[in-house]
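Examination of the molecular architecture
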Number of protein chains: 2
Amino acid sequence: MKKFINAVENVEKEMLSGLFKAHPDKIKPIDCEGVIVRKEKSENKVAVITGGGSGHEPSFGGYVGKGMLDAAVAGAIYTSPAADHIYEALKAVATDKGVLMIPMNYTGDIMNFEMAAEMAQMDGIETDMVVTNDDVAVDNSLYTVGRRGVAGTVLVHKIAGAMAETGANLQEVKAVAEKAIDNVRTMGVAINPSTIPAAGKPGFELNDDEMEIGIGIHGEPGVKKDKLKTANEICDMLLDKILSDLDYSGSEVALLVNGSGGTPLMELYLINNYVHEALASKGIKIYKSFVGNYMTSIEQEGFSLTLLKLDEQLKTLLDAPADTIAFKE
Amino acid sequence: MKKFINAVENVEKEMLSGLFKAHPDKIKPIDCEGVIVRKEKSENKVAVITGGGSGHEPSFGGYVGKGMLDAAVAGAIYTSPAADHIYEALKAVATDKGVLMIPMNYTGDIMNFEMAAEMAQMDGIETDMVVTNDDVAVDNSLYTVGRRGVAGTVLVHKIAGAMAETGANLQEVKAVAEKAIDNVRTMGVAINPSTIPAAGKPGFELNDDEMEIGIGIHGEPGVKKDKLKTANEICDMLLDKILSDLDYSGSEVALLVNGSGGTPLMELYLINNYVHEALASKGIKIYKSFVGNYMTSIEQEGFSLTLLKLDEQLKTLLDAPADTIAFKE
C-alpha cells in the first residue's frame with residue numbers, strides 16, 4: 001500500500017482536521033467527531049443534512065455551506081456514521097422549520113439516520129427523510145435493499161439545498177428532493193481499485209486488460225467484469241443502461257461526469273466530449289455539465305455518468321447560488 | 001496502460017473539446033488549436049496569458065476567466081505550445097494596455113513565448129514577460145536553465161490577474177507578478193508515475209517502497225529516490241528545503257497543498273493538517289490555504305507544498321474575486 005498517511009488508525013481524524021484548517025471561513029466542527037456544520041448556523045430555513053462513510057471526498061463535507069448542506073456527518077472510511085453522531089448534527093443545525101435528511105441508500109446509513117431522527121424527535125426537532133438511489137447498475141447489492149445512492153446524490157443535495165434557502169417549508173423541500181431523486185440516474189465503471197488504509201490491500205482485483213462495469217462507490221461489484229474498451233464504447237454501455245431505465249428523450253438534462261478520485265481530469269473532459277455528442281445524437285439536450293471529482297472512492301480510477309432530467313423548477317434550483325468548498329455557483 | 005481514452009493521437013483534441021463543451025459560459029476556443037480564451041474579451045486592462053504542455057489540468061485552461069487569465073495556450077502532453085499558437089492567442093486577447101505573458105521556466109516554452117512576442121510586436125502589440133521558477137528541488141534540470149516553474153505558478157497567475165483587473169498598467173502588473181515570483185517556493189514528491197498516452201508506459205519507475213523527492217511536473221527526477229516515509233516526515237523534508245531557501249520566519253503565507261492528479265483528497269487534507277501544525281511551530285502564520293488538484297501530472301500520485309510569503313498588497317490580490325472554472329473567490 002502506497003499512501004501519504006501516518007498511522008492508519010488516524011487517517012479519518014487527520015483528514016477532517018485538515019479539512020477544517022483549510023476552510024475556517026466556510027465550515028466548523030462541533031463537539032462530536034465527524035460532524036461538519038456551516039460556520040454560521042442558518043435560521044428561518046429548513047436545514048438539510050446528510051452523511052455517510054468517509055472516502056468519498058469532497059462528499060459530503062465539501063458541500064456544507066450556503067445553498068447546499070447545513071451539516072454532513074462522516075463515518076469511518078466506507079462505514080456508516082453512528083446514530084448518535086447524526087443526532088448531534090441534527091441538534092446543531094435544527095431550526096423551527098425542521099430538518100430534511102438526505103442520506104444515500106445503504107442499509108446501515110438508513111438505520112442510523114432513522115435512529116437519530118427518533119432521538120431528535122424526542123427533543124421536539126421535526127425531521128423528515130428522503131433517500132437517494134440513483135445507481136442503475138444493480139437492483140440490490142451487498143449493502144442495500146434496492147438501488148445504491150451514488151454520485152447523483154450531489155445534484156439532489158444542490159437542489160434541496162437551494163430550495164431550502166428560498167424559505168420553503170419541510171414538505172416543499174422534501175417534494176423537490178423527491179422530484180430530483182425520481183429524475184436522476186447514474187452508472188459507473190472502474191479500472192483500478194481503491195485501498196482502505198486499515199485494510200492495506202485493494203478492495204477488489206482486476207487484470208491489466210479488465211474493467212468493472214457498474215461498480216459501486218465502495219468498490220462493490222456491479223454488472224460484470226469486461227475487457228477494457230475505448231472511452232466512447234464504455235460511455236455507450238453506461239448510457240444504454242441509464243437511458244433504458246428512464247425515458248430522457250426530448251428532455252433537458254444536467255450531466256455529471258464524476259471522477260472516482262484517481263482518474264485524471266484529462267480523461268474526464270475527454271469523456272465529457274463524447275457524452276455531449278452521444279446525447280445530442282439521441283435528441284437529449286445538455287443544459288449544464290459538471291466534470292470533476294464530486295463523489296470519489298479514495299484513489300480508485302474510474303468514473304460515473306449521471307443524468308438528471310430537468311424542468312424549469314429544477315433548472316432554477318440548480319443555477320441558484322451555492323458557496324461551498326467544492327460546489328460554487 | 002489503463003486509461004479512459006480512444007486513440008492516443010486524439011487525446012489532447014478530445015480533452016480540449018470536452019473542456020469547451022463543459023464550460024461555454026466561461027471560455028471559448030479561437031480558430032487555432034490549443035488556445036483557450038475568455039468568453040468575453042476584456043478591454044481597458046492588461047491581458048494576462050500563459051501556456052504550457054497539456055497534462056497539468058486544470059492548468060491552465062481552468063484558470064481562464066475573470067480575475068485570472070485572459071488566455072491559455074495548451075501544447076501536446078508535456079510539450080511546449082507552438083510559437084504561432086501563442087502568437088494567435090496574443091492577437092486574440094491583446095488590449096491597448098498590452099499583454100503580460102507568464103509562462104513557467106522551461107527552455108522550450110520560453111523560446112516559443114519570446115518568438116510569439118516578437119511576431120506580436122511587429123503587429124504593434126505591446127508585450128512583456130515574467131517567468132515562474134518556484135521549484136526549489138533543483139537548480140537546473142533536464143528541461144531548464146535555472147529552476148522549474150511548478151504549482152506556485154497558479155498563485156502568481158491569481159495575483160497578476162487580480163492586479164490586471166484593477167486597471168493597472170503593464171509595468172505595474174509585471175511588478176506585482178515579479179513580487180509574487182520572488183516570494184513563492186514549491187517542492188514536490190511522488191509515489192506513482194504518470195503515463196503519457198502516446199508513450200504507453202510510465203515516465204519513471206519506483207519500487208513498492210520508494211518515493212521520488214523533489215519531482216518535477218513531467219516526472220523529471222528531483223533530489224533523490226528514498227524509502228517511503230510517513231506523510232509527516234515527507235512534509236518535513238519538503239518544508240526544510242523550502243524554508244532553507246527563503247526566510248519565511250514571522251511572515252504570513254498562502255499555502256498550496258497541490259495534488260498531482262491521482263492523489264486522493266483524503267491524503268491532501270491529511271497533509272494540510274500537518275503542515276498547519278508544522279508551520280505554526282515555526283512561527284509562520286497561514287493566511288489562507290488551498291488544497292486540491294491545481295497543477296497535475298496526469299494521473300501521477302504525488303503532491304507538492306507551495307508557500308507564498310504575503311504582504312498587504314498580495315493578500316488583497318489573492319482575495320480579489322476570481323470566476324474561473326477551477327479557481328473561484
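Calculation criteria
Residues numbered from 1 in each chain as written. Chains lettered and ligands numbered in written order. Predicted model: local features only at pLDDT ≥ 70, side-chain atom pairs only at ≥ 80, totals over all residues. Heavy atoms only, no water. Helix = DSSP H or I, 4+ residues; strand = E, 2+ residues; numbered from the N terminus. Rg over C-alpha atoms; globule rule 2.2 N^0.38 Å. Buried < 20%, exposed > 50% of the residue type's maximum accessible area, 1.4 Å probe, protein only. 1 Å grid on protein atoms, 1.4 Å probe; cavity = no way out; pocket = protein on both sides within 12 Å on 5 of 7 lines; lining within 4 Å. Points joined across faces, edges and corners; volume = space filled by probe spheres on them. Nonpolar A, V, L, I, M, F, W, Y, C, P; charged D, E, K, R; others polar. Contact = heavy atoms within 4.5 Å. Buried area = accessible area lost by both parts, 1.4 Å probe. Salt bridge = Lys/Arg side-chain N within 4 Å of Asp/Glu carboxyl O. pLDDT = per-residue confidence, 0-100. Phe/Tyr/Trp six-rings, centres within 6.5 Å; stacked < 30°, edge-to-face > 60°. Lys NZ or Arg CZ within 6 Å of the ring centre and 35° of its normal.

The next subject is the overall build of chain A. A tally of helices and strands in chain A yields eight helices and 12 strands. For a compact globule of 329 residues, the expected C-alpha radius of gyration is about 20 Å, and chain A comes in at 19 Å, within 12% of that figure. Oriented by its inertia axes, the alpha-carbon framework of chain A measures out at about 55 × 50 × 35 Å. Relative to its full complement of 329 residues, chain A shows a buried share of 65%.

Empty space within the second largest pocket amounts to approximately 1,100 Å³. Its residues placed into classes, the lining of the second largest pocket shows 10 nonpolar, nine polar and 12 charged.

Tallying the contact residues gives 55 residues for chain B and 55 residues for chain A. Summed over both partners, the interface of chain B with chain A comes to about 4,600 Å²; 63% of that surface belongs to carbon and sulfur atoms. Of all residues in chain B, the largest losses of buried area upon contact with chain A belong to K2(B), F4(B) and M266(B), amounting jointly to 23% of the total for that side. The interface formed by chain B and chain A includes four salt bridges. Salt-bridge contacts for K21(A) lead to E277(B); the nearest nitrogen and oxygen are separated by 3.4 Å.

Another point: the confidence of the model for chain A. Taken residue by residue, chain A gives an average pLDDT of 97. The fraction at 70 or more is 100%. Taken together, the chains of this predicted complex give a pTM of 0.98 and an interface ipTM of 0.97.

Our next topic: the packing of aromatic side chains. All chains considered together, the criterion is met by nine aromatic pairs over all chains. With a centroid separation of 6.3 Å and an interplanar angle of 80°, the aromatic rings of F290(A) and Y294(A) are classed as edge-to-face. Here F290(A) and Y294(A) have matching classes, each one buried. Among the aromatic residues, those joined into a cluster by ring pairs are Y63(B), F290(B), Y294(B) and F327(B). Above the face of the Y248(A) ring, K309(A) is positioned so that its terminal group lies 6.0 Å from the ring centre.

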